[in-house]
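Listed below, chain by chain, are the residues.
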Amino acid sequence: MPRRTLLLLVIAALALVSPAPIRAWRLSDSRLERVPVPSALRVVRAQTSADFDRDGLPETLTLTEGHAVIATGDRTRWESPSAWQVQQAQITDLDRDGMPEAALLVWRSFQPWPVDRWLPNGGRIDAFHDSNGMACHLILIGWNRDALRELWAGSALAEPVDRFAAADLLGDGRQYLVTLQGEYGDAPSAPSRRLKVWEWNGFGFTLVHGLEASFRLLVPVQVEAGQVLLLTD
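All values derive from a computational prediction rather than experimental measurement.

**Here we look at the sheet that holds strand β11 (residues 147-153)**
Whether parallel or antiparallel, the strands of a sheet pair through hydrogen bonds between backbone atoms.
So, point 1. The strand order across the open sheet built from four strands is β8-β9-β10-β11, with neighbouring strands paired in antiparallel fashion. Every other strand in the sheet has two partners, leaving β8 (85-92) and β11 as the edge strands with one partner each. Taken pair by pair, the neighbouring strands of this sheet meet at an average axis angle of 30°, ignoring direction.
So, point 2. In this structure, strand β10 (residues 134-144) lies alongside β11, joined through six bridges in antiparallel fashion. Paired with Trp143 across the strands is Leu148, a residue of β11.

Structure representation (structure tokens):
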């Protein structure tokens, strides 16, 4: 399919679900800047299969009704606990170690930091949950010590993530975490309030830049130069 046709199809699809104009964003000098929507692009599709254990057989990541499964053929290698509600799942390399991991957007029962029980000013994340006591987390699942297991799990987020993407925003092979975020009290139909870009710092994610506005959609697209832009409404 010609790239111009693909561009028109992408914009038309976005316009069907959003009355707002489509905007394009580029990461430059650690800041998001608005740029014209390009005339040639392709959508960066979320990866759903990879060889986690490097045995030559690919594993597939599936998400069904809040339940994530990583399987080799018909053999289940890992599945999310029943207490988790997985809202989004894709294979990434957000920790930039050259190995694939499954990045999961998870809602689960809020748990305070254990150390807060002993500190005089504890309870620093006590408000990081919704009215039902559910908190939002980003969790990475990957191969470690001969099994698929939790590699990294962030604490309850102060601002819940509505949607995320893994994007090589500079075309140098390093993925950034891109999020649309809101507030725990927001209605399910409410637009996201923030667009943020994060990078791995070796222990977790550091904020690179963020924008305050109204967002409903997030679509990474690659342009001819190899750089990835972000389309939003």
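Having put the structure on the table, let's press on.
**A closer look at the pairing of strand β7 (residues 75-79)**
So, point 1. Strand direction decides the pairing type here: strand β6 (residues 67-72) and β7, joined by four bridges, are antiparallel. Residue Ala71 lies in a different strand from β7, and its bridge partner there is Thr76.
So, point 2. Between β6 and β7, which pair antiparallel and follow one another directly, the connecting turn spans two residues, one of which, Gly73, has a positive phi of 65°.

**A word on the pattern of salt bridges**
So, point 1. This structure, assessed with the given rule, holds ten salt bridges.
So, point 2. Salt-bridge contacts for Arg26 lead to Glu33; the nearest nitrogen and oxygen are separated by 2.3 Å.
So, point 3. Residue classification places Arg26 among the partly exposed residues on the basis of a relative accessible area of 30%.
So, point 4. Among the residues examined, Glu33 registers a relative accessible area of 29% and is labelled partly exposed.
So, point 5. Residue Arg77 is joined to Glu59 by a salt bridge in which the shortest nitrogen-to-oxygen separation is 3.5 Å. Note that Arg77 is positioned in strand β7 and Glu59 in strand β5 (residues 59-64), a separation of 18 residues in sequence.
So, point 6. Through salt bridges with shared partners, a single network forms among Glu159, Glu183, Arg194, Lys196 and Glu212.

**Some points on unusual backbone geometry**
So, point 1. Although it is not a glycine, Asp29 adopts a positive phi angle of roughly 55°.
So, point 2. Inspection of the secondary structure puts Asp29 in the loop between β1 (23-28) and β2 (31-35).
So, point 3. Look at Asp146: it is not a glycine, yet its phi comes out positive at around 65°.
So, point 4. Within the secondary structure layout, Asp146 lies in the loop between β10 and β11.

**Considering the pairing of strand β15 (residues 205-215)**
So, point 1. Relative to β15, strand β14 (residues 192-200) runs antiparallel, the two being bridged by eight bridges. By the bridge assignment, Val197 is partnered in β15 with His209.

**With respect to the sheet that holds β5**
So, point 1. With antiparallel pairing, four strands are arranged side by side in an open sheet as β4-β5-β6-β7. Lying at the two open borders of the sheet, with one neighbouring strand each, are β4 (49-50) and β7.

**Observations concerning the environment of Leu151**
So, point 1. Here Leu151 is to be found in strand β11.
So, point 2. Residues Leu151 and Ile139 lie twelve residues apart in sequence; the distance between their C-alpha atoms is 7.8 Å.
So, point 3. For Leu151, the residues in contact, after removing those within four places along its chain, are Glu101, Leu140, Ile141, Gly142, Trp143 and Asn144.

What counts, and at which threshold
- Residues numbered from 1 in each chain as written.
- Predicted model: local features only at pLDDT ≥ 70, side-chain atom pairs only at ≥ 80, totals over all residues.
- Heavy atoms only, no water.
- Pairing = 2+ DSSP bridges.
- Helix = DSSP H or I, 4+ residues; strand = E, 2+ residues; numbered from the N terminus.
- Axes fitted to C-alpha atoms, helices over the stretch in contact; angles between N-to-C directions.
- Salt bridge = Lys/Arg side-chain N within 4 Å of Asp/Glu carboxyl O.
- Buried < 20%, exposed > 50% of the residue type's maximum accessible area, 1.4 Å probe, protein only.
- Contact = heavy atoms within 4.5 Å.

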